[in-house]
Amino acid sequence: MRAVVYQEPYNVAVESVEDPRIEHPNDVIVRITSSAICGSDLHMYAGRTDAKGGLVFGHENMGIIEEVGSAVTSLRKGQRVVMPFNVACGFCKNCLDGKTGFCLTVNPGFAGGAYGYVAMGPYPGGQAEYLRVPYADFNCLPLPEGTEHEADFALLADIFPTGYHGCELADVRPGDTVAVYGAGPVGLMASYSALIRGASKVFTVDKVPERLNKAREIGAIPIDFSAGNPVQQILDQTNGEGTDKGVDAVGYQALAHSGEGEEPATVLNDLIDTVRPTGALGIPGLYVPSDPGAPNEQARKGQLLVSIGRMFEKGLRAGTGQANVKRYNRQLRDLIIAGRAKPSFVVTKELPLDQAPDAYQKFDKRLEGYTKVILHP
Ligand SMILES: NC(=O)c1ccc[n+]([C@@H]2O[C@H](COP(=O)([O-])OP(=O)(O)OC[C@H]3O[C@@H](n4cnc5c(N)ncnc54)[C@H](O)[C@@H]3O)[C@@H](O)[C@H]2O)c1
Ligand SMILES: [Zn+2]
Ligand SMILES: [Zn+2]
């Protein structure tokens, strides 16, 4: 089959690789109809991780079940499904607690597994014609038959639940004011989720015009950090008080306020300054324990200068980590089916698999029109 294979920094190719097959009676094989490119793929793409050549990318996968293992009980051939990016078992301590992003079974020696991702276990990605799904009864979310809502449902694999998770970590409640840093797909989904959860005002910070415009379209207040200190802009619009809650949807590749060069702790420190005393921070933006591309020696070891003293003084609480997609995807699917959520407003391009190399290049440069790309094998 054809698949998007990582070669070396800034280079992926569409190559022929072996077809996946049932390896365990609990597996299914899914014929992929949609697989999205994610900001998380860019960390590997840009050589900022230990990813080795040969890795098949793609953790945001949906499709039609092609083959069913003998022990699978709830799924059948021909069914339309979307898979959480987390590979999880469903029965370990963390899965039982709903923390499927930290499954203890699927990736020995590490809490958490994913498709097509460095250090996340032996699971090739789905930017390919077919995907093997382990513990399939647990890892497939059934969808209505047909082709309706393809792009909305595809976003249930990662960014819609991840944005929602950012709000859950920040404990966003009805009436809250919320600052979301980042208007990439995750930031836009966090802003959208905050509004779904009843936030009174959502400020969405970025500097890319297309992304800020999308924030405005859904009813958030765009804040352009290249036009002035974003913390001050938000304080000015909240009577100097700051917001109740905050979400970091940027992560360790945060740009300095000047927009030139990275300053990995910028968003964490901005959030500490933006959120009012006793507020809460959700941090789905990715931070890594080592980063060869970081601008200083400490940051290369994953250690950042965060104003913990100020955080203590303000009594802020924070939650981090991979989203537990399984915990929210059924409910978010039902909002889509009921017509009460349409996350596909973030999708800017749908392309055949062959155009992945070009799409990666353009998405990496955050070019207009490449905010969220879905590949169709
Ligand atoms: N926790 C999870 O489960 C999970 C899942 C998916 C993605 N992620 C992570 O979420 C983050 C965002 O993902 P994405 O796909 O939206 O990525 P993205 O790279 O498309 O978006 C990041 C956005 O942040 C903006 N930005 C950069 N510096 C900024 C600053 N100082 N202030 C405000 N905005 C700034 C960029 O212009 C960009 O639009 C990444 O770190 C990704 O790895 C985490
Ligand atoms: Zn993703
Ligand atoms: Zn588990």
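Residues numbered from 1 in each chain as written. Chains lettered and ligands numbered in written order. Predicted model: local features only at pLDDT ≥ 70, side-chain atom pairs only at ≥ 80, totals over all residues. Heavy atoms only, no water.

**Regarding the site of ligand 1**
For clarity, the cut-off: Residues are counted as near a molecule or strand when any one of their heavy atoms sits within 4 Å of it. Pairs of N or O atoms within 3.5 Å make up the polar contacts considered here, provided that, within protein, one atom can donate a hydrogen while the other can accept it, and that residues adjacent in sequence are counted only when both atoms are side-chain atoms. Per-residue accessibility takes into account occlusion by the displayed protein chains alone, with areas from the Shrake-Rupley method and a 1.4 Å probe. Only DSSP runs of H or I reaching four residues or more are called helices, and only runs of E reaching two or more are called strands; each is numbered from the N terminus.
In the vicinity of ligand 1 there are 30 residues, among which H43, D206, R211, A323 and R366 approach most closely. A distance of 2.8 Å is found between an oxygen atom of ligand 1 and a side-chain nitrogen or oxygen belonging to H43. Separating an oxygen atom of ligand 1 from a backbone N or O atom of L286 is a distance of 3.1 Å. Burial of ligand 1 by the protein chains amounts to 97% of its free accessible area of 870 Å². Contributions of two or more residues to the shell around ligand 1 are made by α1 (39-45), α6 (185-196), β11 (201-206) and α9 (266-274). Looking at which element gives the most residues to the shell around ligand 1, the answer is α1, with 3 residues.

**Overview of the coordination of the zinc ion (ligand 2)**
Stated precisely, the cut-off is as follows: Counted as donors are the N, O and S atoms within 2.8 Å of the metal, or 3.2 Å for Na, K and Ca, while water is not among the atoms, so some sites may look incomplete. Key to geometry: four donors with every angle between 85 and 135 degrees are tetrahedral; four donors are square planar and six octahedral where opposite donors lie over 155 degrees apart and all remaining angles lie between 65 and 115; all other sites are irregular. Buried means the residue's accessible area, taken with a 1.4 Å probe over protein chains only, is under 20% of the maximum for its type, while exposed means over 50%, and partly exposed covers the values in between.
Taken together, the protein ligands of the zinc ion (ligand 2) are C38 (SG), H59 (NE2), E60 (OE) and D158 (OD), with distances of 1.8 to 2.3 Å. Around the zinc ion (ligand 2), the 4 donor atoms sit at angles spanning 93 to 127 degrees, and that spread fits a shape best called tetrahedral. Of note, the zinc ion (ligand 2) draws all its donor residues from one chain, in the sequence arrangement C-x20-H-E-x97-D. Taken together, the positions of E60 in strand β4 (residues 60-68) and D158 in the loop between α4 (150-154) and α5 (159-169) put the pair 98 residues apart, joining distant regions of the chain. On the accessibility criterion, D158 (5% relative accessible area) is buried.

**Focus: the nonpolar core**
Definition in use: Buried residues of nine kinds, namely Ala, Val, Leu, Ile, Met, Phe, Trp, Tyr and Cys, make up a nonpolar core once their side-chain atoms join them within 4.5 Å. Working rule for contacts: check all heavy atoms of both residues, and any pair within 4.5 Å makes them a contact.
In this structure, L156, F160, V178 and V346 are the most contacted members of the largest nonpolar core, which totals 40 residues. Element by element, the count of residues in this core is highest for α6, at 6 residues. Sequence-distant contacts of V178, defined by excluding residues within four places in its chain, comprise V172, A194, A199, K201, V202, F203, T243, K245 and V247.

**Looking at the side chain of T177**
By secondary structure assignment, the location of T177 is in strand β10 (residues 177-181). For T177, a relative accessible area of 14% corresponds to the buried category. Setting aside residues no more than four positions away along its own chain, T177 makes contact with S200, K201, G242, T243, D244 and K245.

**Some words on the packing of α5 against α6**
What counts here: Helix axes use the C-alpha atoms of the stretch in contact, all axes being lines fitted to C-alpha atoms, and the angles between their N-to-C directions lie in the range 0 to 180 degrees. Working definition: roughly parallel below 35 degrees, roughly antiparallel above 145 degrees, roughly perpendicular at 65 to 115 degrees, and oblique for all remaining angles. Handedness of each helix crossing follows the sense of rotation of the near helix against the far helix: counterclockwise by less than a right angle gives left-handed, clockwise gives right-handed. Polar here means any residue other than Ala, Val, Leu, Ile, Met, Phe, Trp, Tyr, Cys and Pro, which are nonpolar, and Asp, Glu, Lys and Arg, which are charged; Gly is therefore polar.
Contact geometry of α5 with α6 gives a least axis separation of 7 Å together with a crossing angle of 60 degrees. Here α5 is positioned oblique relative to α6, judged by the angle of their axes. Along this stretch, α5 crosses α6, giving a crossing that reads as right-handed. Together, I159, F160, T162, G163, Y164 and C167 of α5 and P185, V186, M189, A190, Y192, S193, A194 and I196 of α6 make up the contact between the two elements. The class makeup of the residues in the contact of α5 with α6 is 11 nonpolar, 3 polar and no charged.

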